[in-house]
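Here are the chains, one letter per residue:
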Amino acid sequence: MAGIGNRPGALRSVHMSDSHISQHFETLAIHAGNTADPQTGAVVPPIYQVSTYKQDGVGGLRGGYEYSRSANPTRTALEENLAALEGGRRGLAFASGLAAEDTLLRTLLTPGDHVVIPNDAYGGTFRLFAKVATRWGVEWSVADTSDPAAVRAAITPKTKAVWVETPSNPLLGITDIAAVAQVAHDAGVKLVVDNTFATPYLQQPLSLGADVVVHSLTKYMGGHSDVVGGALIVSDPGLGEELAYHQNAMGAVAGPFDSWLVLRGTKTLAVRMDRHSENATKIADMLTRHPRVTGVCYPGLPEHPGHDVAVKQMKAFGGMVSFRVEGGEAAAVEVCNRAKIFTLGESLGGVESLIEHPGRMTHASAAGSPLEVPADLVRLSVGIENVDDLLEDLKQALA
Ligand SMILES: *Cc1c(COP(=O)(O)O)cnc(C)c1O
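What counts, and at which threshold
Residues numbered from 1 in each chain as written. Predicted model: local features only at pLDDT ≥ 70, side-chain atom pairs only at ≥ 80, totals over all residues. Heavy atoms only, no water. Near = heavy atom within 4 Å. Polar contact = N/O pair within 3.5 Å; in protein donor to acceptor, adjacent residues only side chain to side chain. Areas by Shrake-Rupley, 256 points an atom, 1.4 Å probe, with all protein chains shown as cover. Helix = DSSP H or I, 4+ residues; strand = E, 2+ residues; numbered from the N terminus. Nonpolar A, V, L, I, M, F, W, Y, C, P; charged D, E, K, R; others polar. UniProt positions renumbered as here; feature names shortened; annotations may be inferred. Contact = heavy atoms within 4.5 Å. Disulfide = S-S within 2.5 Å. Buried < 20%, exposed > 50% of the residue type's maximum accessible area, 1.4 Å probe, protein only. Phe/Tyr/Trp six-rings, centres within 6.5 Å; stacked < 30°, edge-to-face > 60°. Expected span 1.5 Å × (residues − 1).

(A) Geometry of the site of the ligand. Around the ligand sit 15 residues in total, of which Leu98, Asp194, Ser216, Thr218 and Lys219 are the nearest. One nitrogen or oxygen atom from the side chain of Asp194 is found 2.7 Å from a nitrogen atom belonging to the ligand. Contacts to the ligand include Lys219, whose side-chain N or O atom sits 2.7 Å from an oxygen atom. Starting from 380 Å² of accessible surface for the ligand in isolation, the protein chains cover 93%. Sorting elements by how many residues they give to the shell around the ligand places helix H4 (residues 97–108) first, with three residues. Here the shell around the ligand is built from residues that sort into four nonpolar, seven polar and four charged.

So, in structure tokens, the structure goes:
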């Protein structure tokens, strides 16, 4: 049986990220992992829809591939691309964001360990801690991660990791990654950053001191609402090996076609994020002046409490905007129902604009917990349509 150290992904990802290290993000997005097929010259890596690989004599692997749970060339291409974009040494692709998170938890933690989790986070992440990890003896407590002192106070002698989401879902809170990395490392604890909302184009947590970056590739990385996937990216090769061991041992890997779709998505990430950010900025600005809107959450607004930190650690402020509607839950639900171009639906990060009611939809699992969201909150995933059409749609939905 070949050990994890024989996996080609390990060697090639280190090589690839080193050879691309001096290139800019937009260039890496298109070229890292995308080497022309050696046999045909195909410019885009093919979908290697295959489970096993012919061996030249027992143990004679061609290119190191033996079984597609352990490694698959299309997935390797994506994993190299992800490592390069986050400025890490190792990227690993999973069947979903939550599969990536579960693999990470079971790699870092054993029963009795404690994790500090944020007071605003993706509902499914909270559910994974509250309903699943708890049953395996993992303890957690909630802190306002936008306050480094609150994170320090929540760390106990049993703490093994601090988990941060910035910007957070759905309230768009901002955590100072460098400051919290300092707090975590002073306590000998690892910092995990969910970078789904920002993407590596807008923010690179590893360069700010994070130990692990988590992604739902389902969102901006895929970018077209046509694939579910997840990823972990790390700088430390040893931790990378441990995670790769668990990725193979637990088996929640990204399939070849899903890997190919995400690899196609990341090529346009930079141009998409520029437009998402531009459109969201104009929409947040309109909402702050709308008489029926009682509050707007967007880190690009100067009055946002995390604005200065966001300016320091982000290139732009992304495409997610949340706002509160006068008239409570019924009014917020009504706005969601009346929108036409903004499609009523869960998820985010695609080219098309989406609208949802977090309290009843994405964050229903956080009801009654410290992560419960306001009932009058509406969340927008601002797409890359013409912004004038989007502004008109919101105005008619609020009228
Ligand atoms: C969607 C999401 C996840 C979970 O990812 P899936 O691909 O749906 O499993 C995790 N974190 C954030 C911030 C998300 O938006």
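There is more to say after this.
(B) Fine view of the UniProt feature "modified residue: N6-(pyridoxal phosphate)lysine" (unreviewed entry) in the chain. The sites that carry the UniProt feature "modified residue: N6-(pyridoxal phosphate)lysine" (unreviewed entry) are, in the present numbering, Lys219. Mapped onto the elements, Lys219 comes out in the loop between strand E6 (212–216) and strand E7 (230–234). With near-sequence residues (within four places) excluded, Lys219 lies in contact with Tyr122, Thr196, Ser347, Leu348 and Gly349.

(C) Main features of the state of the cysteines. Evaluation of the coordinates by the stated rule reveals zero disulfides. Between Cys297, a cysteine without a disulfide, and Cys336, which holds the nearest cysteine sulfur, the sulfur-to-sulfur distance is 14 Å. Taking the relative accessible area as the measure of exposure, Cys297 reaches 15% and is therefore buried. When its relative accessible area of 3% is taken as the criterion, Cys336 is described as buried.

(D) Looking closely at the side chain of His307. Within the secondary structure, His307 sits in helix H12 (residues 307–313). The class for His307 is buried, based on a relative accessible area of 14%. For His307, the side chain forms a polar contact with the main-chain oxygen of Leu301, separated by 3.5 Å. Discounting residues that sit within four places of it in the chain, His307 has contacts with Pro299, Gly300, Leu301, Pro302 and Phe317.

(E) Just the packing of aromatic side chains, in detail. For the structure on display, the rule yields six aromatic pairs. Each ring, one from Phe25 and one from Tyr201, has its centre 5.3 Å from the other, and the planes form 50°; the classification is tilted. A residue pair is termed long-range when its members are at least 10 positions apart, and Phe25 in helix H2 (residues 25–31) and Tyr201 in helix H8 (residues 199–202) qualify at 176 residues. For the pair Phe25 and Tyr201, a shared accessibility class is recorded, and that class is buried. Ring plane angle 85° and centroid distance 5.5 Å describe the contact between Phe126 and Trp140, whose orientation is recorded as edge-to-face. Highlighted residues: Phe126 in helix H5 (residues 123–132) and Trp140 in strand E3 (residues 139–143), separated in sequence by 14 residues. Judged by relative accessible area, Phe126 falls into the buried class, the value being 6%.

(F) Spotlight on helix H11 (residues 269–288). Its 20 residues give H11 an end-to-end C-alpha distance of 28 Å, which sits within 8% of 28 Å, the value for a rise of 1.5 Å per residue. Those residues of H11 not exposed but buried are Leu269, Ala270, Arg272, Met273, His276, Ser277, Asn279, Ala280, Ile283, Ala284, Met286 and Leu287.

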